[in-house]
Amino acid sequence: TDKYVVVGNPVEHSRSPAIHAMFAEQTGQVLTYDRLLAPLDGFEATLRAFAAAGGKGCNITVPFKFDAFALATKRTERAQLGGAVNTLRFDADGWTGDNTDGAGLVNDIQKNAGRPLAGLQVLLVGAGGAAAGVLGSLIAARPAHIAVVNRTADKAQALVASHAHLGVPLTAATLADAPAAQDIVVNATSTSLAGAAAPVDARVLKPDALALDMMYGPKAQGFLDWAAAHGAEPRDGLGMLVEQAAEAFFFWRGVRPDTAPVLATLRAAL
Ligand code: ATR
C-alpha cells in the first residue's frame with residue numbers, strides 16, 4: 001500500500017488525513033495517509049526515514065515549507081515562484097516539490113464561491129509565506145489588478161517585484177494605503193490567529209465583495225464577522241484546504257477527486 005503523510009510541528013490537529021481518506025475512498029485509490037510529527041531540528045532526518053521506509057510523498061505544513069523547498073531536487077514552476085513547498089512526491093530520480101496552496105485558493109474562489117477572477121480587482125493582505133505561496137496562482141487567473149498590502153511595506157514591494165514579469169498589473173502598499181472597492185479581499189496575514197478583525201479598513205470592500213480568510217474555525221471568526229458587518233460575503237479557508245489537498249492528490253495519483261462532498265462533510269463537522 002502506498003504511504004503518504006502530512007509532516008509538521010505541530011501536526012496533531014491537521015485535517016489532511018481525513019480529507020485524503022475521503023478522496024481515496026471516493027476514487028478507489030489504495031493508500032494510507034497519516035500524521036508525522038517532526039522535531040523542529042529534525043525535518044530532513046524525519047523525511048528521509050519516511051522515504052526510506054517506502055513513503056511515496058507528503059504534505060508539509062508549518063514550519064517546514066521552506067525546508068521542503070530546499071530539499072526538493074526538482075520543483076514545479078508555481079513552487080519555485082512562491083519559494084515554498086507544501087507537497088513532495090518521492091520519485092525514483094529525486095523529490096519533486098509542488099505548492100498547491102495557490103491553486104487551492106483560486107479553485108475555491110472560482111469553483112466553490114462562484115467568482116471567476118478574470119477582470120476583477122483583487123486585494124491580497126499580507127506578504128509573508130502564505131501570501132507568497134498564492135500570488136502566482138492568483139495572477140494565473142488573470143484578474144485586472146492585484147494590490148499586495150502589508151504592515152511592513154518593503155515585504156509587499158519585494159513580493160510584487162518577484163512576480164512583476166507575469167503580465168498582471170501589481171501594486172504594493174502599506175495596510176493604510178490599501179485601495180478601496182476591491183472585488184476580492186484575501187487575508188493572508190497571521191492576525192487572524194489572534195482572533196482579530198481585518199487589518200485593513202472596510203473601505204477596501206466593494207459592496208458584495210468576497211472577503212476570504214485563509215484560516216478556518218475560531219481563528220477566522222473575527223475577520224468573517226468584520227466582512228459580514230460591512231456587506232461582504234465572508235468565506236473561511238476550509239474550501240481552500242480541501243482544494244489544495246485535491247491538487248496534491250492529483251499530483252501524486254493523477255486522479256482528481258470530487259471536492260464538494262468532502263468540503264460538505266468537513267463543514268458539518270467544524
Ligand atoms: P505566514 O507563513 O502565515 O504567512 P509569516 O511569513 O510570518 O507567516 O507572515 C505573517 C504575515 O502576517 C505578514 O504579512 C505579517 O506582516 P509583516 O510582514 O509586517 O510582519 C502579518 N502580520 C502578522 N501580525 C500582524 C499584525 N498584528 N498586524 C498586521 N499584520 C500582521
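Nothing here was measured: the structure is a model prediction, and the numbers come from that model.

Now for the domain arrangement of the protein. Domain parsing of the protein yields domain 1 (2–99 + 240–269) and domain 2 (102–236). If you average the C-alpha positions of domain 1 and of domain 2, the two centres end up 24 Å apart. Contacts between the two partners involve 13 residues from domain 1, matched on the other side by 15 residues from domain 2. Going through the elements one at a time, helix 4 (77–82) and helix 9 (238–253) are the ones with two or more residues in the side of domain 1 that touches domain 2. Top element by residues in the side of domain 1 that touches domain 2 is helix 9. It accounts for five residues. In the side of domain 1 that touches domain 2, the residues fall into five nonpolar, four polar and four charged.

The full set close to the ligand counts 14 residues, and Gly-128, Gly-129, Arg-151, Thr-152 and Thr-189 are the nearest of them. When residues in the shell around the ligand are grouped by element, the largest group, three residues, is from helix 6 (residues 129–140). Its residues assigned to classes, the shell around the ligand comprises four nonpolar, eight polar and two charged.

So, on to the UniProt feature "active site" (unreviewed entry) in the protein. Listed under "active site" (unreviewed entry) in the UniProt record, and renumbered for this structure, are Lys-65. As for its placement among the helices and strands, Lys-65 is situated in helix 3 (residues 65–71). A residue is classified by how many C-beta atoms lie within 10 Å of it, and Lys-65, with 25 of them, is buried. Those residues in contact with Lys-65 that sit more than four places away from it in its chain are Ile-60, Ala-84, Val-85, Asn-86 and Gly-129.

About the cut-offs
- Residues numbered from 1 in each chain as written.
- Predicted model: local features only at pLDDT ≥ 70, side-chain atom pairs only at ≥ 80, totals over all residues.
- Domains from an automatic or database assignment.
- Contact = placed C-beta atoms within 7 Å.
- Helix = DSSP H or I, 4+ residues; strand = E, 2+ residues; numbered from the N terminus.
- Nonpolar A, V, L, I, M, F, W, Y, C, P; charged D, E, K, R; others polar.
- Near = placed C-beta within 6 Å.
- UniProt positions renumbered as here; feature names shortened; annotations may be inferred.
- Buried ≥ 20, exposed ≤ 12 C-beta atoms within 10 Å, placed from the backbone.

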